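So the chains spell out like this:
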Amino acid sequence: MTLPCVIGMYWEPALEQSLDLSPPPARLGWGYFIDFDGTLVDFAPTPGGVTVSEDLRALLHAVHGAVQGALAIVSGRPLADLDCFIALPHLPMAGQHGLEWRDAFGCVSRIPRLSLSPHIVQAARQWSADRPGTLVEVKDFSVALHVRLVPALMSDALEIGRQLVASDPSRLMLQPGSFVVEIRCRGGHKGDIVDRLLRDRPFLGRRPIFIGDDLTDEHGFAAASRAGGFGILVGGERETSARHRLAGPAAVKAWLRPLAEGTA
Ligand SMILES: [Mg+2]
């Protein structure tokens, strides 16, 4: 088996097994870690174009209450960005792939001593300026090159990403995603968030379930599996550490809904 590689990191893929399209029914006693883009909401042409319906907001609020707070959103977006979209500030959340997080008690933490060099941001902006249709998203700890409108430029984005990471490989890593390439600081990932939140209430002692669609979610799948839980891959099948799969955001919401409706 060939190990899938995201530059600078490897994950342990599942053994030779096909994914079960039907995860077991969600249970009140489990702990839930859920990605945002492509998992709870459909992708939009631009990062700012996604919409969170009142139905989704009500669902997350109800599930969070039903599982006694053991529901966290774990995304590559900044925390502030997530709060603007989801508008449920009492939810535990992790942003920027785990480099910042808010726990169940509202305490916000960030991996210390991380910063992105201005020349990396400048080079990314220049790359995008020369390629109409691409977008640059500058975050605290990463810069993202979006090619959703011009997917043929994905390999070009990967190439400039590799070059920029090579300028400071001890501090930077490449994080490819769905029509996006991020140059980000090293220091943590989504799996670390699972490990961290499981150490305290309300996640302590619960079986962790990680739901996500992207390569960066593999760390979350692996962490959930190590802690006795499992991952649910959203979208098309691929080599993964997840044990189950759901077709898309609509299927994820349908799977969660019994928790909110008291029928789980
Ligand atoms: Mg995603």
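Rules used in this analysis
- Residues numbered from 1 in each chain as written.
- Predicted model: local features only at pLDDT ≥ 70, side-chain atom pairs only at ≥ 80, totals over all residues.
- Buried ≥ 20, exposed ≤ 12 C-beta atoms within 10 Å, placed from the backbone.
- Helix = DSSP H or I, 4+ residues; strand = E, 2+ residues; numbered from the N terminus.
- Pairing = 2+ DSSP bridges.
- Contact = placed C-beta atoms within 7 Å.
- Axes fitted to C-alpha atoms, helices over the stretch in contact; angles between N-to-C directions.
- Parallel < 35°, antiparallel > 145°, perpendicular 65-115°, else oblique.
- Left-handed = near helix turned anticlockwise from the far one by under 90°.

Visitor: Would you mind going over the pairing of strand S11 (residues 180-185) with me for this structure?
Guide: For S11, a buried count of six out of six residues is recorded, marking the element as mostly surrounded by other parts of the structure. Side-chain alternation along S11 places Val180, Glu182 and Arg184 on one buried face and Val181, Ile183 and Cys185 on a second face that is also buried. In the sheet, strand S9 (residues 142-146) pairs with S11 via five bridges, with the strands oriented antiparallel. Each bridged residue has a counterpart across the sheet, and for Val143 the counterpart in S11 is Ile183. Two elements, strand S10 (residues 172-177) and S11, share six bridges in a ladder whose sense is antiparallel. The partner of Gly177 across the bridge, within S11, is Val180.

Visitor: Is there a simple way to think about helix H6 (residues 218-226) in this case?
Guide: At 3.6 residues per turn, the α-helix brings residues three or four places apart onto the same side. Judged by how many residues are buried, H6 sits mostly within the fold: eight of nine residues are covered. Along H6, the positions that sit buried rather than exposed are Glu218, His219, Gly220, Phe221, Ala222, Ala223, Ala224 and Ser225. In the core, the buried residues of H6 are packed alongside strand S3 (31-34), strand S4 (71-74), helix H5 (190-197), strand S12 (208-212) and strand S13 (230-234). One or two steps after H6, the chain reaches Gly228, where phi turns positive at roughly 95°.

Visitor: For this particular structure, what's the right way to read the packing of helix H1 (residues 54-66) against helix H7 (residues 249-261)?
Guide: Geometrically, a packed helix pair is captured by the angle between its two axes and the distance between the axes. It is the contact of H1 with H7, at a shortest axis distance of 8 Å, that shows an interaxial angle of 50°. Relative to H7, the element H1 is oriented oblique. Of the two possible hands of crossing, H1 and H7 adopt the one that is left-handed. Between H1, through Leu56, Leu59, Ala62, Val63 and Ala66, and H7, the contact on the second element is made entirely by Lys253, Leu256, Arg257, Leu259 and Ala260.

Visitor: I keep staring at unusual backbone geometry and nothing clicks. Help me out?
Guide: Leaving glycine out, the prevailing phi sign among residues is negative, and the prevailing peptide bond configuration is trans. Arg201 connects to Pro202 through a cis peptide bond whose omega is 5°. Following the sequence through the fold, Pro202 ends up in the loop between H5 and S12. Unlike most non-glycine residues, Gln68 shows phi in positive territory, near 55°. Its location among the elements puts Gln68 in the loop between H1 and S4.

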